[in-house]
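# A look at the structure
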Amino acid sequence: MTSINKMTKVPDIFKTKKQTFSFELFPPKTEIGYENLLSTIKELSALKPDFISCTYGAGGGNRQKTFDIVELIQKQFSIPAVAHLTCVLHTKDEIKKIIEDIQSRGVQNIMALRGDPPQETPNWIAGKNNFKYSSELCAFIREHFGDYFGLSVAGFPEGHILCKNKDKDAGYLKKKIDAGADFVITQFFFDNQYYFDYVARLRKIGVTARVIPGILPITSYEGLLKFTSLNGSSIPQNIKNIFEPIKDNKEKIILEGIKFAISQCKELLHNGAPGLHFYTLNKLNPTKEILRSIR
């Protein structure tokens with residue numbers, strides 16, 4: 001298939017940049033949300049990120065919007081975009097067609113994920129025509145599309161919620177890299193030692209790929225509790241000490257969240273992190289404020 005409006009592959013950016021700054025968005029469920037996101041993308045693009053990724057709903061929900069968003073990011077703002085792709089619910093033939101759709105839009109970066117079953121089919125189990133693991137998805141993309149795509153995968157500094165054995169989890173990450181993935185973007189965390197220990201574990205077993213830390217600026221204590229309950233990330237005592245007493249004061253939460261994120265990011269970069277990937281929650285701030293202080 002012929003590609004259009006080809007953009008830079010993210011791994012090519014790494015050849016000239018020691019550190020990258022990138023953002024993650026998600027496809028809104030409503031048309032109003034989608035229109036609001038378009039103006040947010042314009043504002044985020046003005047911050048000159050190295051790339052922007054967009055998530056993919058469970059089982060492919062909002063898939064078309066994901067691909068519309070990454071295509072728009074590239075065409076209108078000339079910023080490399082990363083399309084998330086999960087293999088849950090999809091057959092191998094469907095996956096191939098989906099990837100061809102991504103390719104036809106000129107998008108050259110995919111984040112290959114296993115994904116979670118949607119709420120309506122929580123007990124879905126992969127069959128012989130499905131992929132069970134994201135490492136299988138990586139291998140499939142390389143087999144059928146060669147080096148066309150830059151491939152990223154997810155990493156879990158505290159271990160995956162379904163695999164809290166950190167050494168075992170690191171082994172699973174290595175399988176993704178061995179299957180063709182180029183680099184890693186981590187789940188968010190609030191204790192940087194988790195990240196440093198994670199990178200050390202990966203290096204010990206021969207993973208040399210970039211491991212970019214994921215950053216979630218804290219803007220709501222209730223939201224923080226929800227996100228961490230879903231992905232298994234821990235809330236350190238120092239975070240509780242800062243945010244529990246002010247949990248009902250939105251302005252203070254945001255100010256303290258910015259302050260904490262700036263400190264976290266500076267320590268990561270100072271100690272060798274190859275960049276930062278911000279989970280923006282489709283908002284310009286506080287990411288803009290944090291980036292201004294650390295860049």
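As a starting point, this report considers the structure included with it. Predicted model only: the values in this text are computed from it and were never measured.

## Structural notes on the pairing of strand 4 (residues 109–113)
Within a regular strand, side chains alternate between the sheet's two faces. Of all 5 residues in strand 4, 5 are buried; the element is thus mostly enclosed. By the alternation rule, side chains of strand 4 split into Asn109, Met111 and Leu113 and Ile110 and Ala112, which are all buried. Direction of pairing for strand 3 (residues 81–86) relative to strand 4: parallel, over a ladder of 4 bridges. Looking at the pairing, Ala83 lines up with Ile110 of strand 4. Bridge analysis of strand 4 against strand 5 (residues 150–155) gives 3 bridges, and the strand direction is parallel. Bridging across to strand 5, Ile110 finds its partner in Leu151.

## Notes on the packing of aromatic side chains
For the structure on display, the rule yields 12 aromatic pairs. Here the aromatic rings of Tyr195 and Phe196 are separated by 5.7 Å at their centres, their planes lie at 70°, and the arrangement is edge-to-face. In terms of burial, Tyr195 and Phe196 fall into one category: buried. Following the ring pairs from residue to residue traces out a cluster consisting of Phe188, Phe190, Phe260 and Tyr279. A cation over a ring is seen here: Lys65 above Tyr34, with NZ or CZ 5.7 Å from the ring centre.

## Re the state of the cysteines
For the structure on display, the rule yields 0 disulfides. Between Cys54, a cysteine without a disulfide, and Cys87, which holds the nearest cysteine sulfur, the sulfur-to-sulfur distance is 18 Å. Here Cys54 falls in the buried class, since its relative accessible area comes to 0%. Summary of cysteine pairing: Cys138 is not part of a disulfide, and the nearest cysteine sulfur, belonging to Cys87, is at 9.0 Å.

## Description of the side chain of Asn192
Structurally, Asn192 can be placed in helix 7 (residues 192–204). For Asn192, the side chain forms a polar contact with the side chain of Glu267, separated by 2.6 Å. Residues within four places of Asn192 in sequence aside, it is in contact with Gln264, Glu267 and Leu268.

## Re the environment of Ile290
Within the fold, Ile290 resides in helix 11 (residues 287–294). For the pair Ile290 and Ala261, spaced 29 residues apart in sequence, the C-alpha to C-alpha distance is 6.8 Å. What Ile290 contacts, discounting residues up to four positions off in sequence, is Pro217, Ile258, Ala261, Ile262, Cys265 and Phe278.

Analysis parameters
Residues numbered from 1 in each chain as written. Predicted model: local features only at pLDDT ≥ 70, side-chain atom pairs only at ≥ 80, totals over all residues. Heavy atoms only, no water. Buried < 20%, exposed > 50% of the residue type's maximum accessible area, 1.4 Å probe, protein only. Helix = DSSP H or I, 4+ residues; strand = E, 2+ residues; numbered from the N terminus. Pairing = 2+ DSSP bridges. Phe/Tyr/Trp six-rings, centres within 6.5 Å; stacked < 30°, edge-to-face > 60°. Lys NZ or Arg CZ within 6 Å of the ring centre and 35° of its normal. Disulfide = S-S within 2.5 Å. Polar contact = N/O pair within 3.5 Å; in protein donor to acceptor, adjacent residues only side chain to side chain. Contact = heavy atoms within 4.5 Å.

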